[in-house]
Amino acid sequence: MDVMSTSPTSGEFGSSRVKRGLAEMLKGGVIMDVVTAEQARIAEDAGAVAVMALERVPADIRSQGGVARMSDPDLIDQIIATVSIPVMAKARIGHFVEAQVLQTLGVDYVDESEVLSPADYVNHIDKWKFTVPFVCGATNLGEALRRINEGAAMIRSKGEAGTGDVSEATKHIRKIKSEIAALSAMSKDELYVAAKELQAPYDLVAEVAERGALPVVLFTAGGVATPADAAMMMQLGADGVFVGSGIFKSGNPAARAAAVVKATTFYDDPSVIAEVSRGLGEAMVGINVADVPAPHRLAERGW
Amino acid sequence: MAGSGTGAPVGVLALQGDFREHIRVLASLGAEAVPVRRAEDVKAVSGLVIPGGESSVMDKLSRAFGVAEPLQEAIAEGMPVYGTCAGLIMLSDRIVDGIAGQQSLGGLDISVRRNAFGPQTESFEVDLDVPKLGAVPMHAVFIRAPVVDTVGERASAMSTLDDGRVVAVEQGNLLGTSFHPEITNDYRFHEYFLERVRHVGYHS
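These numbers were taken from a predicted model, which means no experiment stands behind them. (Residues numbered from 1 in each chain as written. Chains lettered and ligands numbered in written order. Predicted model: local features only at pLDDT ≥ 70, side-chain atom pairs only at ≥ 80, totals over all residues. Heavy atoms only, no water.)

Overview of the overall build of chain B
Going by this rule: Secondary structure follows DSSP: runs of H or I at least 4 residues long count as helices, runs of E at least 2 residues long count as strands, and numbering of each begins at the N terminus. A radius of gyration in this sense is built from C-alpha atoms; the matching globule rule multiplies 2.2 Å by the number of residues raised to 0.38. Any pair of residues with heavy atoms lying within 4.5 Å of one another is described as a contacting pair. Residue exposure ignores everything except the shown protein chains as possible cover, and the areas themselves are Shrake-Rupley values with a 1.4 Å probe. Counted charges follow a simple rule, with Lys and Arg positive, Asp and Glu negative, and His plus the chain ends left uncounted. Taken as the charge location is NZ of Lys, CZ of Arg, CG of Asp or CD of Glu.
From N to C terminus, chain B includes six helices and 12 strands. For a compact globule of 204 residues, the expected C-alpha radius of gyration is about 17 Å, and chain B comes in at 15 Å, within 12% of that figure. The dimensions of chain B, computed from C-alpha atoms along their principal axes, are 45 × 40 × 30 Å. If you take every contact in chain B between residues at least 6 apart in sequence, the share linking residues at least 24 apart comes to 66%. Accessible surface for chain B amounts to roughly 7,000 Å². Of this, 48% is attributable to carbon and sulfur atoms. Charge separation in chain B, taken as the distance between the mean sites of 17 positive and 26 negative side-chain charges, equals 4 Å.

Focus on the pattern of salt bridges
A side chain with one charge may pair with a side chain of the opposite charge, provided their charged atoms come close. This is how the line gets drawn: Salt bridges are counted wherever a side-chain nitrogen of Lys or Arg sits within 4 Å of a carboxyl oxygen of Asp or Glu. Partly exposed describes any residue whose relative accessible area lies between the buried limit of under 20% and the exposed limit of over 50%, with all areas from a 1.4 Å probe on protein chains only and scaled to the type maximum.
Across all of its chains, the model carries 33 salt bridges over all chains by this definition. For Lys-27 of chain A, the salt bridge identified is with Glu-24 of chain A, shortest N-O distance 2.7 Å. Of the two residues examined, Lys-27 of chain A and Glu-24 of chain A, each falls in the buried class. With a closest N to O distance of 3.6 Å, Arg-154 of chain B and Asp-109 of chain B form a salt bridge. Within this pair, whereas Arg-154 of chain B is found in the loop between β9 (147-151) and β10 (156-160), its partner Asp-109 of chain B is found in strand β6 (residues 108-113), the two being separated by 45 residues in sequence. A residue is classified by how much of its surface remains accessible, and Arg-154 of chain B, at 55% relative accessible area, is exposed. Through salt bridges with shared partners, one network takes in Lys-90, Asp-111, Glu-114 and Arg-156 of chain A.

Side note on the environment of Glu-24 of chain A
For Glu-24 of chain A, the position within the fold is in helix α1 (residues 16-26). For the pair Glu-24 of chain A and Met-154 of chain A, spaced 130 residues apart in sequence, the C-alpha to C-alpha distance is 8.8 Å.

Focus on the packing of aromatic side chains
Aromatic ring pairs are reported here in terms of the distance separating the ring centres and the angle at which the planes meet. All names here are of chain B. Here is the rule we go by: Only centres within 6.5 Å qualify two rings of Phe, Tyr or Trp (six-membered ring in Trp) as a pair; their planes then separate them into stacked at under 30 degrees, edge-to-face at over 60, and tilted for everything else.
Throughout the structure, instances matching the rule amount to 13 aromatic pairs over all chains. Between Phe-124 and Phe-142, the aromatic rings sit 4.6 Å apart at their centres with planes inclined by 10 degrees, giving stacked as the arrangement. Taken together, the residues Phe-124 in strand β7 (residues 124-128) and Phe-142 in strand β8 (residues 138-142) connect sequence positions 18 residues apart. Owing to a relative accessible area of 0%, Phe-124 belongs among the buried residues under this scheme. When the ring of Phe-142 is compared with that of Phe-179, the centres are 5.4 Å apart and the planes differ by 55 degrees; the resulting orientation is tilted. In this pair, Phe-142 sits in strand β8 while Phe-179 sits in the loop between β12 (174-177) and α6 (188-200), placing the two residues 37 residues apart along the sequence. One exposure class covers both Phe-142 and Phe-179, and it is buried.

Digging into empty space enclosed by the protein
All names here are of chain A. Note the cut-off: We place a 1 Å grid over just the protein atoms. Points where a 1.4 Å probe fits but has no way out form a cavity, open points with protein on both sides within 12 Å along at least 5 of 7 lines form a pocket, and any residue with an atom within 4 Å of a point lines it. Grid points are joined across faces, edges and corners, and a volume is the space filled by probe spheres set on the points. Classification used: nonpolar for Ala, Val, Leu, Ile, Met, Phe, Trp, Tyr, Cys and Pro, charged for Asp, Glu, Lys and Arg, polar for all others including Gly.
Under the definition given, this model contains three cavities of 30 Å³ or more. Every residue lining the largest cavity is counted, 23 residues in all, and those nearest its centre are Asp-33, Ala-161, Ala-221, Gly-222 and Gly-244. Residue assignment for the lining of the largest cavity shows that the elements contributing at least two residues are β9 (241-243) and α11 (245-248). Its residues assigned to classes, the lining of the largest cavity shows nine nonpolar, eight polar and six charged.

Looking at the interface of chain B and chain A
Inclusion rule: Each of two parts loses accessible area, computed with a 1.4 Å probe, when they are put together; buried area is these two losses added. Pairs of N or O atoms are called polar contacts if they sit within 3.5 Å, as long as, within protein, a hydrogen donor faces a hydrogen acceptor (for residues adjacent in sequence, only side-chain-to-side-chain pairs). A pair of strands is labelled paired if DSSP reports no fewer than 2 bridges between them.
With 43 residues of chain B in contact, the opposing surface of chain A contributes 46 residues. Taken over both partners, the interface formed by chain B and chain A buries close to 3,600 Å², and the fraction arising from carbon and sulfur atoms is 57%. Interface area lost by chain B to chain A is led by Gln-120, Thr-121 and Glu-125 of chain B, which between them contribute 17%. One can count six salt bridges joining chain B with chain A. Of the charged contacts in the structure, one is a salt bridge between Asp-239 of chain A and Arg-20 of chain B, with a shortest N-O distance of 2.8 Å. Run the count over chain B and chain A and you get 20 residue pairs in polar contact (both at pLDDT 80 or more). Every element with two or more residues in the side of chain B that touches chain A is listed here: α1 (19-28), α3 (55-64), β7 and β8 of chain B. Residue contributions to the side of chain B that touches chain A peak at five residues, all from α3 of chain B. For the side of chain B that touches chain A, the residue count by class is 15 nonpolar, 12 polar and 16 charged. Here strand β1 (residues 12-13) of chain A runs beside β7 of chain B; their pairing, made up of two bridges, is antiparallel. Across the sheet, the residue bridging to Glu-12 of chain A is Glu-125 of chain B, located in β7 of chain B.

The structure is reproduced here in structure tokens:
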């Protein structure tokens, strides 16, 4: 490797500002699940701001069943070698060794994800120990703050992955945003009880009340399948969107991916959303969340 | 002053990235800052900040929605522009390690290497000397940052890392940094940019 591509000898690596900062740069963008290097290239060409490298998209994990784990390092290497945008990869909840492996492989973000089978039903990963930043899922504010307390540098609302049904994503982003708004309206003496009820550290609760926002970027995930879905998440206050199965389980992934990117940027302009929604072919067929029996709902993993 | 009633507001390219942080910084410095997403938005601003984000996405969206061409015209006419990270890439005449077909707006006579430090674990923060902006070092945050590989005759370096790599440049009314002052508390580059905006009086 020549001198022009090595890092400086001085400087601080892996600080919160650097970890959270990458998520700040992803805002207004779409992060797409990909299972091959070819899909990663299509996503990058379509304007994805990052890709999530995994072996099976959530829709297939759901239909095939079995234990879902970290991807094969060969696959992650291939995807890192193929694209120049950031590459994320998933580790199982609590599986700190999978996270160590992903950090060694050089992924840009680790997703400690309920889409995979949890490895620890008590503890999440201590994310402060890592140089690589983590994104974690949350269904409500308390869960988001517990993950941030463990070192998460980015939060995504969970939704219900692999369904193509946006209703759970809607529920979770609305829940988080409304709980933040409620905190902001409280007087200081009410925040102590709020922290107890949220089961979250007081200092983080007070910070959220003061800012009117999480201290980290908040994306939405789980069920986004159309440009209008993505735009709705943005109008509900998401900083950006993860699209899992919705792109590569559809009829024309390249066109749909590009359309979702445009709809995310112009989320408040229905004429653009109408224009980009034309002629995209079939959306992923999907399943209604109401038809998924509770034990098979991924959003209930993690706590 | 610019954007405070006498002149046109200052724009921030708002296609993707941390444009809200730049709007907040510019507002804290007394400027009226507005998002720019379309060709008609370009006609209404006295200067432009191109934020951090993903340069390949900004490039695609700026061309798809017809904002690239008016921006190039405005740059050619002398509109002040400040780019951070991805914004620096957008302002460079030559991109090294771009994605297939990636273009830039251009303007700065430099070549910029995308993601020059490697994966996110190589992102860092460090104190930098920027002599033109005072004796106090600037705390700079580099996130999957680009560096300036070569500085052409018309451009000049404003700051370098200890190893000599150039991370801040200017040329006429154009300014670019590899790092992100907008996520720190040191806004000397934004102040320097706003001085230029006031001096030029573009669209006023």
